[in-house]
Amino acid sequence: MAGTGKFVVGGNWKCNGNTASITQLVKDLNKGEIDADVDVIVAPPMLYLPKVQSPIDRQFKLSAQNCWVSEGGAFTGEVSAEMLADANVPWVILGHSERRALCGESDEFVGKKVAYAIKNGLSVMACIGETLQERESGATQDVCRRQLQAIVNELSAGDWEKVVIAYEPVWAIGTGKVATPEQAQETHAGIRAFMASAVSQDVASKVRIQYGGSVNAGNCEELAKQEDIDGFLVGGASLIGDAFITICNSAKYNTY
Ligand code: PEP
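Throughout, a residue's number is its position along its own chain's written sequence, starting from 1. Reporting in this predicted model follows two pLDDT cut-offs: at least 70 for local features of residues, and 80 or more for side-chain atom pairs to be given and counted; totals over whole chains, interfaces and linings ignore these cut-offs and use all residues. Calculation of side-chain values draws on the structure's entire complement of heavy atoms; hydrogens and water are dropped beforehand.

*Asks:* So what's going on with the site of the ligand? Residues and values would help.
*Replies:* Near the ligand there are 14 residues, and of these K14, H96, E168, G174 and S214 occur at the shortest range. Any pair of N or O atoms that falls within 3.5 Å is considered a polar contact. Within protein, one atom must be able to donate a hydrogen and the other to accept it, and sequence-neighbouring residues count only if both atoms are side-chain atoms. Backbone polar atom of S214 to an oxygen atom of the ligand: 2.7 Å apart, as the coordinates give it. For the ligand, whose free accessible area comes to 290 Å², the fraction covered by protein is 96%. Of the residues assigned to the shell around the ligand, the class counts are four nonpolar, eight polar and two charged. In these notes, residues near a molecule or strand are those with any non-hydrogen atom within 4 Å of it. For every accessible area listed, the method is Shrake-Rupley and the probe measures 1.4 Å; residues are considered covered only by the protein chains on display. Under the scheme applied, nonpolar residues are Ala, Val, Leu, Ile, Met, Phe, Trp, Tyr, Cys and Pro; charged residues are Asp, Glu, Lys and Arg; polar residues are all the others, including Gly.

Structure, rendered in structure tokens:
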């Protein structure tokens, strides 16, 4: 079963850049021609969101890379979903493997974050994916299902309109080691099948599933041709304007 949603590409700038490099990147993105039917979202570091917001072309939607799990208050260093909505930042990336691994975010915590962000009007790119050890032990689908189940537990069926699932095998993130189109397709198909059984057939066909992990201008075309790949979440290559635009335009190879 192929996904029916519009192709969606996110650029996760992570903790990279400074005023000069981000100003240049925005200029490069604004110069790029996006000639495919695609939703494009960029996620600068939190501090730079307002600096990107006014100069960036309206075809790029803005995302934060994280937000807090509940209402704001005495949570030093955090930013709440309400603050993002108030600042007109419509998207947030949640559950990135770097936050799961480095900041100790559990499946349940990520599930609660997704629910709270949606309740406050945000759309979410919710990341899941297995480590190398988990892939090698044949646990890929189990890990993805477990991580997704924790989100399913917190959402109603209607909430899924506000969620894009980003499947990002941890071993492929920032390593230059991309999943083969067949590996990615197989896992995406498994994720969609899980969504059909855990939520509904309707949600499974509509929910968009991005692949993330060393996507670049050279490998995006073959990945985009896969029937269950509905977009990309891009790290390193999203910092290079023309490469990111090429990745966005690979949407035209997705004919499903
Ligand atoms: C990411 O961190 O979301 C990511 C996919 O990174 P990269 O493209 O650099 O592997």
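Now that the structure has been shown, we can carry on.
*Asks:* So what's going on with the nonpolar core? Which residues, and what values?
*Replies:* To qualify as a nonpolar core, a set must consist of buried Ala, Val, Leu, Ile, Met, Phe, Trp, Tyr and Cys residues joined through side-chain atoms within 4.5 Å. Between buried and exposed lies partly exposed: a residue is buried under 20% and exposed over 50% of the maximum accessible area for its type, with that area taken using a 1.4 Å probe on protein chains only. Of all hydrophobic cores here, the largest spans 69 residues; its most connected members are V114, W160, Y211 and F232. Numbering of helices and strands runs from the N terminus, with a helix taken as a DSSP run of H or I at least four residues long and a strand as a DSSP run of E at least two residues long. It is helix α5 (residues 107-119) that provides the largest number of residues to this core, a total of six residues. Residues count as neighbours in contact if any of their non-hydrogen atoms are within 4.5 Å of one another. Residues contacting W160, with those up to four places away along its chain left out, are L148, I151, V152, L155, I165, M195, V199, V203 and V207.

*Asks:* Quick one: what's the story with the packing of aromatic side chains, residue by residue and with numbers?
*Replies:* Two aromatic rings from Phe, Tyr or Trp, using only the six-membered ring of Trp, form a pair when their centres are within 6.5 Å; if the ring planes differ by under 30 degrees the pair is stacked, by over 60 it is edge-to-face, and anything between is tilted. On inspection of all chains with the given rule, the structure shows four aromatic pairs. For the pair F7 and F232, a centre-to-centre distance of 5.5 Å together with 80° between the ring planes defines the contact as edge-to-face. In this pair, F7 is assigned in strand β1 (residues 7-12) and F232 in strand β8 (residues 231-234), connecting sequence segments 225 residues apart. For the residue pair F7 and F232, the accessibility class agrees, reading buried in each case.

*Asks:* Pulling in residues and values, what's your account of the packing of helix α7 (residues 140-152) against helix α8 (residues 181-198)?
*Replies:* Lines fitted to the C-alpha atoms define the axes, with helices restricted to the stretch that makes contact. Angles between their N-to-C directions range from 0 to 180 degrees. Relative orientation of the contacting elements α7 and α8 amounts to 40°, with a least axis distance of 10 Å. For the element pair α7 / α8, the angle class is oblique. Crossing hand, α7 versus α8: right-handed. Taking contact as the criterion, the partners of T140, Q141, C144, R145, L148, Q149 and V152 in α7 are, on α8, E186, T187, G190, I191, F194, M195 and A198. Across the contact of α7 with α8, the residue classes tally to seven nonpolar, five polar and two charged. Roughly parallel covers angles under 35 degrees, roughly antiparallel covers those over 145, roughly perpendicular covers 65 to 115, and oblique covers all other angles. Helix crossings fall into two classes, left-handed where the near helix is turned counterclockwise from the far one by less than a right angle and right-handed where it is turned clockwise.

*Asks:* Pulling in residues and values, what's your account of the pattern of salt bridges?
*Replies:* A side chain with one charge may pair with a side chain of the opposite charge, provided their charged atoms come close. Salt bridges are identified by distance alone: a Lys or Arg side-chain nitrogen within 4 Å of an Asp or Glu carboxyl oxygen. This structure, assessed with the given rule, holds 18 salt bridges. The closest approach of N and O atoms between K252 and D35, which form a salt bridge, is 3.5 Å. Placement of the pair is K252 in the segment after α11 (241-249) and D35 in the loop between α1 (19-31) and β2 (38-43), with a sequence separation of 217 residues. When its relative accessible area of 46% is taken as the criterion, K252 is described as partly exposed. A relative accessible area of 52% means that D35 is categorised as exposed. One salt bridge connects D142 with R145, and the closest N-O pair in it is separated by 3.5 Å. Here D142 pairs with R145, and both are found in helix α7, just three residues apart, close to one helical turn. With relative accessibility at 35%, the residue R145 sits in the partly exposed group.

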